[in-house]
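# An overview of the molecular structure
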Amino acid sequence: MRMKYGDAIQKALMDSMNNDSRVVFFGEDDKYNLYGYTEGLTQQFGAERVRDIPLSEAGVVGLACGAALCGLRPIIDLTTENFLFVAMDQICSIAAKTAYMYGGTCSVPITIFCSAMSMGGNAAQHSDRLHSLFMNIPGLKIVCPSTPQDMYSLLRASINDDNPVLCIADRSLFWQEAEVDFDYIIKLGTTNIVHEGNDLTLVSVSGCLRYVEEIWMENKNKISMEVLDVRTVVPLDYATILNSIKKTGRLVICDTANRTGSLAGHIASVVAEQGFQYLKAPIGISACYDVPVPYAKKLEENVLLSKEKILATIDRTMNYIRR
């Protein structure tokens, strides 16, 4: 079925709750959700399974952890990625560590859903991309779907997983439309080889894929680019990335997060450690500048990742000459 990225969220929630009575939903403004992906949940599943939560993220994530320990599988919709900061202790100290601290005798199967909204003048306090920050917390899984199919399949996989999972949508993709196969299963920790190539490996994270696809289409007769979409930040599919480097010898990584401490930087360090002998040029990285995202449109465009920045990085990588 053809559907939009935002509609794939709603479909995944509906199907998961229909499939398993243990799945419950705690959402901010779930009855009147601005983007529509919680529409119909309350009417179909009732107040026992769908709760309109107060703006108290720490309290709600703590509640969800307790519910998970008692046998439920809660989904928490925190709407905007920056609200994860408010629940930091519950996410990092309780959700992520409980299974380990109790020797695996219990689990915390919660899915924390939120979206990055870095474009459109949302200003510094609503524009962070935090997948890189949370990947430093052992015990959490993190997914960043970049297509309607990935959103549906990865959100369903997150809800079915027995570990705490952050599912981070990219709001710039909400109206992207494509075919979705509801029977298609994607395991957490599998990179998608979007296009095969021989000259350059182009690794995309989250919403970068919309730029990368345009670049591939415009340059496919000039450069044979192998495009990889990581899809899952934790666990990360290192093998597929390293196998691609063996073939192409050149790597450019595109990440929507800030450059310092980024997933892009982590991938680069792994490739430098385990695949240095295959590299024909220095690893190229395109990411967001290390400043708070401004409100003003022109300043915002300058700070965030763009198609032009990725093209400039590709150009440097392809034209590198070892001296």
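Please refer to the structure placed before this passage.
Scope of this entry: the structure provided in the associated data block. (Residues numbered from 1 in each chain as written. Predicted model: local features only at pLDDT ≥ 70, side-chain atom pairs only at ≥ 80, totals over all residues. Heavy atoms only, no water.)

## Quick notes on the nonpolar core
One finds Leu84, Ile91, Ile110, Ile112, Phe134 and Ile267 to be the most contacted residues of the largest nonpolar core, which totals 47 residues. With residues near it in sequence (within four places) discarded, Ile112 still touches Val61, Ile76, Leu78, Leu84, Ile91, Val165, Leu166 and Cys167. Phe45, Leu155, Ala157 and Val180 belong to the second-largest nonpolar core, a separate cluster that totals 31 residues. (Core = buried A, V, L, I, M, F, W, Y, C linked by side-chain atoms within 4.5 Å. Buried < 20%, exposed > 50% of the residue type's maximum accessible area, 1.4 Å probe, protein only. Contact = heavy atoms within 4.5 Å.)

## What about the pattern of salt bridges?
Evaluated as defined, the whole model comprises ten salt bridges. The partner of Asp20 in a salt bridge is Arg22, with the nearest N and O atoms 2.9 Å apart. By relative accessible area, Arg22 is classed as partly exposed at 39%. For Glu214, the salt bridge identified is with Lys307, shortest N-O distance 3.3 Å. (Salt bridge = Lys/Arg side-chain N within 4 Å of Asp/Glu carboxyl O.)

## So, empty space enclosed by the protein
Applying the stated rule across the entire model yields two cavities of 30 Å³ or more. A volume near 30 Å³ is recorded for the second largest cavity. Forming the boundary of the second largest cavity are Glu81, Ala116, Arg129, His131, Cys144, Ile168, Asp170, Ser206 and Thr256. Its residues assigned to classes, the lining of the second largest cavity shows three nonpolar, three polar and three charged. (1 Å grid on protein atoms, 1.4 Å probe; cavity = no way out; pocket = protein on both sides within 12 Å on 5 of 7 lines; lining within 4 Å. Points joined across faces, edges and corners; volume = space filled by probe spheres on them. Nonpolar A, V, L, I, M, F, W, Y, C, P; charged D, E, K, R; others polar.)

## Here's the deal with the pairing of strand 5 (residues 111-116)
Counting buried positions over the six residues of strand 5 gives six, a clear majority of the element. Covered by surrounding structure in strand 5 are Thr111, Phe113 and Ser115 together with Ile112, Cys114 and Ala116, the residues of both alternating faces. Sheet analysis places strand 4 (residues 73-80) next to strand 5, joined by four bridges and oriented parallel. If you follow Thr80 over to strand 5, its bridge partner there is Ser115. (Helix = DSSP H or I, 4+ residues; strand = E, 2+ residues; numbered from the N terminus. Pairing = 2+ DSSP bridges.)

## Let's talk about the side chain of Thr98
With respect to the helices and strands, the residue Thr98 is situated in helix 5 (residues 98-101). The buried category is assigned to Thr98, whose relative accessible area is 8%. Those residues within four positions of Thr98 in sequence are excluded, and the remaining contacts are Leu69, Cys106 and Val108.

## Concerning the packing of helix 3 (residues 57-69) against helix 4 (residues 88-95)
It is the contact of helix 3 with helix 4, at a shortest axis distance of 8 Å, that shows an interaxial angle of 25°. Judged by the angle between their axes, helix 3 and helix 4 are roughly parallel. Residues Ala58, Val61, Gly62 and Cys65 of helix 3 form the contact with helix 4, whose participating residues are Gln90, Ile91, Ile94 and Ala95. Split into classes, the residues belonging to the contact of helix 3 with helix 4 amount to six nonpolar, two polar and no charged. (Axes fitted to C-alpha atoms, helices over the stretch in contact; angles between N-to-C directions. Parallel < 35°, antiparallel > 145°, perpendicular 65-115°, else oblique.)

## Some thoughts on a nonpolar patch on the surface
Judged by side-chain polarity, Phe85, Val86 and Leu133 come together as a nonpolar surface patch covering roughly 250 Å² of accessible area. You can see Phe85 is positioned in the loop between strand 4 and helix 4. Under the relative-accessibility criterion, Phe85 is labelled partly exposed at 37%. (Patch = residues over 30% accessible without salt bridge, like charges linked within 9 Å, V, L, I, M, F, W, Y side chains within 5 Å. Areas by Shrake-Rupley, 256 points an atom, 1.4 Å probe, with all protein chains shown as cover.)

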